[in-house]
Amino acid sequence: MRVDAKGLAKQLAFKRGLIYRWLHILLPGAMLAGAVALFLSGSRWTEWAQNQAFDVFQRLAPRDFQEVPVRVLDIDEESLRRVGQWPWPRTKLAELVRKADALGASVLAFDSLFPEEDRTSPAKVVASWPQDDPAVQELKPRLAKLADHDTLFSRAMAKSRVVLGFALLTERTAVLPARKLSFAVSGENPQPYLPESEGAVSNLPKLETGASGIGSIGFMPSADGVIRAVPLVFHIQGKLFPSLAAEA
């Protein structure tokens, strides 16, 4: 029996080349299919891998520093030593607003919350004094004529450009922050793709009236606790709200 060695070698070479050719297609295809399946499964490994890749890119090509006209008014230990313990009277915050406005600030954004009345207002302070003291009773009518600190703070904000913040809550609240703007939506409804909350810690209505804008101070950290992105728009009970940065 004669064997065609050359023909057999050609057949083996052809089959080997065919196998390699299909491997070049099937192997990447299988890897891609596995990656897609892992992504669609919602596994936390997918988010972890994406975050690690994002961090590597940031380290390899970090954004160049650029000077921007933004300044942070920080309430540090020196501030507390000079002015006193926090929270400060709203009259002090009103003074801060007026000074920032006089220095040419385009907008002043507070990342603090003011959901309760200022306890240092005259009427609030006198209520904590001994009510059986004749001197206190004599002072009460005079103090009642003075404007409360929240009113003075609101007036200062109304003459400037101030953005107040609010905090997001997972539980539903009956009162939502005031909205100083409206949204125009073109195309698909964006709400399913936005961070969602059921409620919020709002500021006093009196203060919201004086503010030019109101935005969320919320952020959405990754599973490892690192903040890699800050949403610009949120939706609460079907309504759209901007972030503090977007509103500012």
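Residue numbers run consecutively from 1 along every chain, following the written order of its sequence. This being a predicted model, a pLDDT of at least 70 is required before a residue's local features are given, and a value of 80 or more before pairs of side-chain atoms are given or counted; all residues contribute to the totals for chains, interfaces and linings. Just so you know, side-chain values use all the structure's heavy atoms and leave hydrogens and water out.

(A) Local environment of unusual backbone geometry. Residue Trp-86 is joined to Pro-87 through a cis peptide bond whose omega torsion reads 5°. Only DSSP runs of H or I reaching four residues or more are called helices, and only runs of E reaching two or more are called strands; each is numbered from the N terminus. Relative to the helices and strands, Pro-87 resides in the loop between α3 (77–83) and α4 (90–102). Residue Gln-237 is not a glycine yet carries a positive backbone phi of 50°. Structurally, the position occupied by Gln-237 is in the loop between β6 (233–236) and β7 (239–242).

(B) Just the side chain of Glu-247, in detail. Looking at the element boundaries, Glu-247 is found in helix α9 (residues 244–247). Note on classification: 1.4 Å probe, protein chains only; a residue is buried when its accessible area is under 20% of the maximum for its type, exposed when over 50%, partly exposed between these limits. Under this rule, positive means Lys or Arg and negative means Asp or Glu; His and the chain ends count for nothing. By definition here, a salt bridge exists when the distance from a side-chain nitrogen of Lys or Arg to a carboxyl oxygen of Asp or Glu is within 4 Å. For the buried Glu-247, which has no salt bridge, the nearest side chain bearing the opposite charge is Lys-180, at an N-O separation of 8.1 Å. Whenever a nitrogen or oxygen atom comes within 3.5 Å of another N or O atom, the pair is scored as a polar contact, on the condition that within protein one atom can donate a hydrogen and the other can accept it, and that pairs from neighbouring residues in sequence are kept only if both atoms are in side chains. One polar contact links the side chain of Glu-247 to the main-chain amide nitrogen of Ile-214, over a distance of 3.1 Å. In this description, contact between two residues means that some pair of their heavy atoms is separated by no more than 4.5 Å. Not counting chain neighbours up to four residues away, the residues in contact with Glu-247 comprise Val-163, Lys-180, Leu-181, Gly-213, Ile-214, Gly-215 and Pro-242.

(C) A look at the pairing of strand β5 (residues 213–216). Alternating positions in β5 separate into two faces, Gly-213 and Gly-215 on one and Ile-214 and Ser-216 on the other, with burial throughout. Strands are treated as partners if at least two bridges between them are detected by DSSP. Here four bridges tie strand β2 (residues 162–169) to β5, and the two strands are oriented parallel to one another. If you follow Leu-164 over to β5, its bridge partner there is Ile-214.

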